[in-house]
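# Architecture at a glance
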Amino acid sequence: MQRIKRRQDFVAAAKALSQAQTSLVLQFRDRKDDAGARIGFTCTKKLGNAVTRNRIKRRLKEAARLALPQMVRGGADYVVIGRSVAENRPFELLQSDLISAMQRLHAKAATAPEKSVP
RNA sequence: CCAGUCGGCUGGAUGGCCGCUCUUGCUAGGCUCGAAAGGGUGCAAGGGAGGAAAGUCCGGGCUCCACGGGAAUAGGGUGCCGGGUAACGCCCGGCGGGGGUGACCCCAGGGAAAGUGCCACAGAAAAUAAACUGCCGCAGCGUGCUGCGGUGAGGGUGAAACGGUGCGGUAAGAGCGCACCGCAGGCUUGGCAACAAGACUGGCAUGGCAAACCCCACCCGGAGCAAGACCGAAUAGGGGUGGCACGAAUCCGCAAGGGUUCAGGACUGUUUUCGGUUCGCCGCCCGGGUUGGUUGCGCGAAGCCAUUGGCAACAAUGGUUCCAGAUGAAUGGCCAUCCAUGGUGGGUUAGACCCCACCGGGACAAAACCCGGCUUACAGGCCGACUGGUAUU
RNA sequence: UGGGGCGUCGCCAAGCGGUAAGGCACCGGAUUUUGAUUCCGGCAUUCGGAGGUUCGAUCCCUCCCGCCCCAG
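Presented here is a report on the structure given in the accompanying data block. Everything quoted here is computed from the prediction, not taken from an experiment. (Residues numbered from 1 in each chain as written. Chains lettered and ligands numbered in written order. Predicted model: local features only at pLDDT ≥ 70, side-chain atom pairs only at ≥ 80, totals over all residues. Heavy atoms only, no water.)

Our focus in this paragraph is the packing of aromatic side chains. The geometry of an aromatic ring pair is captured by the separation of the ring centres together with the interplanar angle, meaning the angle of the planes. Enumeration over the complete set of coordinates arrives at 1 aromatic pair. With centroids separated by 5.3 Å and ring planes inclined at 40°, the aromatic side chains of Phe28 and Tyr78 adopt a geometry described as tilted. You can see Phe28 sitting in strand 3 (residues 24-30) and its partner Tyr78 sitting in strand 5 (residues 76-82), a full 50 residues away along the chain. The buried category is assigned to Phe28, whose relative accessible area is 3%. (Phe/Tyr/Trp six-rings, centres within 6.5 Å; stacked < 30°, edge-to-face > 60°. Helix = DSSP H or I, 4+ residues; strand = E, 2+ residues; numbered from the N terminus. Buried < 20%, exposed > 50% of the residue type's maximum accessible area, 1.4 Å probe, protein only.)

With that out of the way, let us pick up a positive patch on the surface. A cluster of basic residues, Arg3, Lys5, Arg58 and Lys61, forms a positive patch at the surface. Structurally, Arg58 can be placed in helix 2 (residues 50-67). (Patch = residues over 30% accessible without salt bridge, like charges linked within 9 Å, V, L, I, M, F, W, Y side chains within 5 Å. Areas by Shrake-Rupley, 256 points an atom, 1.4 Å probe, with all protein chains shown as cover. Salt bridge = Lys/Arg side-chain N within 4 Å of Asp/Glu carboxyl O. Lys, Arg positive; Asp, Glu negative; His and termini not counted. Charge placed at Lys NZ, Arg CZ, Asp CG, Glu CD.)

This part covers the protein's contact with RNA strand B. As a matter of local geometry, RNA strand B sits amid 17 residues, with Thr42, Arg55, Arg58, Arg59 and Lys61 nearest to it. Sugar plus phosphate: this is where 60% of the atoms of RNA strand B within 4 Å of the protein reside. Between RNA strand B and Thr42 there is a distance of 2.4 Å, counted from a base nitrogen to a side-chain nitrogen or oxygen. Looking at which element gives the most residues to the surface near RNA strand B, the answer is helix 2, with 9 residues. When grouped by side-chain class, the residues that make up the surface near RNA strand B number 5 nonpolar, 3 polar and 9 charged. (Near = heavy atom within 4 Å. Polar contact = N/O pair within 3.5 Å; in protein donor to acceptor, adjacent residues only side chain to side chain. Nonpolar A, V, L, I, M, F, W, Y, C, P; charged D, E, K, R; others polar.)

What follows is about helix 3 (residues 91-111). Helix length check: helix 3, at 21 residues, gives a terminal C-alpha distance of 31 Å against a target of 30 Å (1.5 Å per residue), a fit within 8%. Within helix 3 the residues assigned to the buried category are Leu94, Gln95, Asp97, Leu98, Ala101, Met102, Leu105, His106 and Ala109. Angular distribution of buried residues about the axis of helix 3 spans 155°; they occupy a single face of the element. Those residues of helix 3 that are exposed and aimed more than 90 degrees away from the buried face are Glu92, Ala110 and Thr111. Buried positions along helix 3 lie against strand 2 (17-20), strand 3, helix 2 and strand 5. (Expected span 1.5 Å × (residues − 1). Arc of directions from axis to C-beta. Contact = heavy atoms within 4.5 Å.)

Shape descriptors only; they carry no functional weight alone.
What follows is the structure in structure tokens.
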């Protein structure tokens, strides 16, 4: 799965669907093309210093690597925004947060597909 | 043993499973992303955050720009002396001042006699020393006032009052004279110097503030790796060149040239004789350059060990080692045991810092071109030197 | 990476070497049957923090902390 690296992709994903969980916020945007799914990780400066922010992003990356590959859809951009509890939340709960957020987002996209068009 | 001062070191360990990034090797191609440049994908081995990587406060390297050399103006910085260094506002040693019983610690510490300015309140007066009050003498008379002269000693204040204390001296007094202290001047001695010591001379001049303006001495060209270099598509546009084309009317202009309409070409919407966009057409070559990519990018004022010189900072010589290179940003995720440590309960015990069980639980903080410093943050642990006190011998 | 600014009472703020203005809010009192209005009085012992210069710092200097803005 490719990583999102450009700022404008992050901004575009922020304008599309989002789903908040205890440890993270997941954003989902359908790019309407045939390329593979992409995922990006970010968090705000309010969460702490560089060590804390990096640790949150690494735990989320590892959870996504283990939990998500069989769930993602082609042509989709996912952005995971870390929250402060993600630093110490048990790893199994971190994975289940990701899975349920993605399930609910996919359900939202099915009921209201027009909203995801930018 | 208690209290304290200074300096240095360290910054959890081992293992398992699954990952990230770089380098090298392997058969060297395949597959794949991309317009290209270039990138991704396999296996194995090895490397992979810090003492502050931080704050970005100084100093350099490196790169580009500017510049004939140099100097000056403006602006900014530094400020006892000597040394170290590539350089510094850093470090070392010394001097002076201040603090502490002491080990030791702190100090932007040049110039106030170049000039300007400020010194609230209080106080007679806050800086050309005079006025006021006072003290003393003489004269006058209305007998406590006036005039003249002497004096700069006293005057509640204040952060600070024009040398201080004492003795002599005098009408009263005053460095007026003397002793001691302070101060100034040149001299001698010691020291590279800052400065110190000594005797001599001078009766004393120069209040404080320059982290107020300022003066003096010295230093500084500007920007920053998003510097800079290279590769480089479609489309549009620029230059050159070859072939084809370069029609008609009209307007501006001396001309070169330009505008408008029709015709014509290219692309395109559309059922269409209708419309839209564009303007010489086609080929080749050159240069610039956007998205993007590569590079810059780690052998260095490097680390470690030894010897020598130096009180030291540090330097020289010899040997030895190769030690991170990410870019929405790698160096991790999960788990187990141990270790340091905290809590609770129980046990041993004179008492435990000893033993057992359970629970909790790892300081600060992550390279972003690279080095030398400074500053700030930091759980816990270790080592060395020294000081004061108490007790014992 | 480079540059600039701010921090003063609960809120908005003035002051910029010499006892820290003012407004809103709050508290107490007066007026009123009660409330509003009005009037009177009260309300800053770290002027973001720590050092330093000065007789004396909100103000000057140094270092930190927090917040905001600009350029690429």
